[in-house]
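In case you want the letters, here they are:
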Amino acid sequence: MTAQYGQHYGQQPHPYYSAPPPQGPVRPRIVWIVLAWLLFIVMSVAGVFAFAGGVFSSISDVAPTTTFSSGETVKVNLDPAQKPAIWAAADQPTDVQCQVTGGSPDDKITLSKAIGEQTVTVDGTKWEMLFSIGVPAAGEYQAACDGEGVRFGVGRELLSAAGGLVGGTALLLGLPALGFLIAVLTTVVVLVRRSRARRRMMGMY
């Protein structure tokens, strides 16, 4: 009986070892999405307050700063660039007459009836714009009005405050829109990167 001996020469195959997939929490964390949407809420609230501030600022800008009674003459400083106007507060409709005079009889001063109904309410008093005042130059003038039971005041045209309203409206719309865009982009980026991180952990490259 013959025994057979054999021997294999050469390199033995080495087993293949792969690096274990990374372990640990998936990043980026979800907290970034939460923070992004909290930022959206904060910017939305800021937009509302900015709009409200613009409205209140506009009202305070146009509201009468000098008030006087029927038959009384007051001295006021008027500047055509500020678009001065005469306002009235009354409990019921009544006929009124107003005039504005300057230091020189040659001053060309005009009173133009207000277009439409322009009103503001300050400290519970409702003021209605009566006339816009046209003066040739900035300076001191005299204003007088007659009207039974009417309180008069000199302020600015309501339309002169349109810039503040437009700016407040822009912030009201712009801040939330910007916050929403940031929140959406952050959400998309975080979810995409988390998905890729999970695939790497599972060994799916």
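Residues numbered from 1 in each chain as written. Predicted model: local features only at pLDDT ≥ 70, side-chain atom pairs only at ≥ 80, totals over all residues. Heavy atoms only, no water.

### Some points on the overall build of the chain
Working step 1: In terms of helices and strands, the chain carries 2 helices and 9 strands.
Working step 2: Along its sequence from the N terminus, the chain presents helices and strands in the succession α-β-β-β-β-β-β-β-β-β-α.
Working step 3: For the chain, the share of sequence-separated contacts (at least 6 apart) that also reach a separation of at least 24 residues comes to 85%.
Working step 4: For the chain, the computed accessible surface area is about 14,100 Å², with 59% contributed by carbon and sulfur atoms. (Helix = DSSP H or I, 4+ residues; strand = E, 2+ residues; numbered from the N terminus. Contact = heavy atoms within 4.5 Å. Areas by Shrake-Rupley, 256 points an atom, 1.4 Å probe, with all protein chains shown as cover.)

### So, a nonpolar patch on the surface
Working step 1: Side chains of Ile30, Val31, Trp32, Val34, Leu35, Leu38, Ile41, Val45, Phe49 and Leu191 sit close together on the surface and give an oily, nonpolar patch of about 960 Å² of accessible area.
Working step 2: Element by element, the count of residues in the nonpolar patch is highest for helix H1 (residues 31-62), at 8 residues.
Working step 3: By secondary structure assignment, the location of Ile30 is in the segment before H1.
Working step 4: Residue class for Ile30 comes out partly exposed when judged on its relative accessible area of 39%. (Patch = residues over 30% accessible without salt bridge, like charges linked within 9 Å, V, L, I, M, F, W, Y side chains within 5 Å. Salt bridge = Lys/Arg side-chain N within 4 Å of Asp/Glu carboxyl O. Buried < 20%, exposed > 50% of the residue type's maximum accessible area, 1.4 Å probe, protein only.)

### Thoughts on the confidence of the model for the chain
Working step 1: Looking at the chain as a whole, its pLDDT mean stands at 80, while 75% of the residues score no less than 70.
Working step 2: Mean pLDDT across the elements of the chain ranges from a minimum in H1, with 77, to a maximum in strand S8 (residues 139-146), with 94. (pLDDT = per-residue confidence, 0-100.)

### A look at the sheet that holds S8
Working step 1: Judged by pairing direction, the sheet is antiparallel, and its 3 strands sit side by side in the order S2-S8-S4 without closing on themselves. Lying at the two open borders of the sheet, with one neighbouring strand each, are strand S2 (73-78) and strand S4 (97-101). Neighbouring strand axes in the sheet, compared pairwise and without regard to direction, differ in orientation by 30° on average.
Working step 2: Bridging between S4 and S8 involves 5 bridges; their strand directions are antiparallel. In the strand pairing of S8, Gln97 is matched with Asp146. (Pairing = 2+ DSSP bridges. Axes fitted to C-alpha atoms, helices over the stretch in contact; angles between N-to-C directions.)

### A few points about unusual backbone geometry
Working step 1: At Lys83, a residue that is not glycine, the phi angle is positive and equals roughly 50°.
Working step 2: Among the secondary structure elements, Lys83 is positioned in the loop between S2 and strand S3 (84-90).
Working step 3: Even without a glycine there, the phi angle at Asp123 is positive, about 55°.
Working step 4: Mapped onto the elements of the fold, Asp123 is located in the loop between strand S6 (119-122) and strand S7 (125-134).

### What about the state of the cysteines?
Working step 1: Summed over all chains, the structure comprises 1 disulfide.
Working step 2: A sulfur-sulfur separation of 2.1 Å characterises the disulfide bridge that pairs Cys98 with Cys145. Disulfide Cys98-Cys145: torsion about the S-S bond near 115°, hence right-handed. Residue Cys98 is located in strand S4, and its partner Cys145 is located in strand S8; the two are separated by 47 residues in the primary sequence. (Disulfide = S-S within 2.5 Å.)

### Side note on the environment of Gly71
Working step 1: The residue Gly71 is located in the loop between strand S1 (66-69) and S2 in this model.
Working step 2: For Gly71 and Cys98, which are 27 residues apart along the polypeptide, the C-alpha to C-alpha distance reads 9.5 Å.
Working step 3: Setting aside residues no more than four positions away along its own chain, Gly71 makes contact with Cys145 and Asp146.

### Considerations on the side chain of Thr187
Working step 1: Here Thr187 is to be found in helix H2 (residues 162-201).
Working step 2: Judged by its relative accessible area of 17%, Thr187 falls in the buried class.
Working step 3: Of note is the side chain of Thr187, whose polar atom sits 3.0 Å from the side chain of Trp37. (Polar contact = N/O pair within 3.5 Å; in protein donor to acceptor, adjacent residues only side chain to side chain.)

### Section: the packing of aromatic side chains
Working step 1: Summed over the entire model, instances satisfying the criterion amount to 4 aromatic pairs.
Working step 2: Ring centres of Trp37 and Phe40 lie 5.7 Å apart, and the angle between their planes is 85°; on these two criteria the pair is classed as edge-to-face. Remark: Phe40 and Trp37 occur in helix H1; sequence separation between them is 3 residues, near one turn of the helix.
Working step 3: By relative accessible area, Phe40 is classed as partly exposed at 22%.
Working step 4: A ring pair is formed by Phe40 and Phe180, whose centres lie 5.8 Å apart and whose planes are at 65°; its orientation type is edge-to-face. Of this pair, Phe40 sits in helix H1 while Phe180 sits in helix H2; the two residues are 140 residues apart in sequence, bridging distant segments of the chain.
Working step 5: By the ring-pair criterion, three or more aromatic residues cluster together here, those being Trp37, Phe40 and Phe180. (Phe/Tyr/Trp six-rings, centres within 6.5 Å; stacked < 30°, edge-to-face > 60°.)

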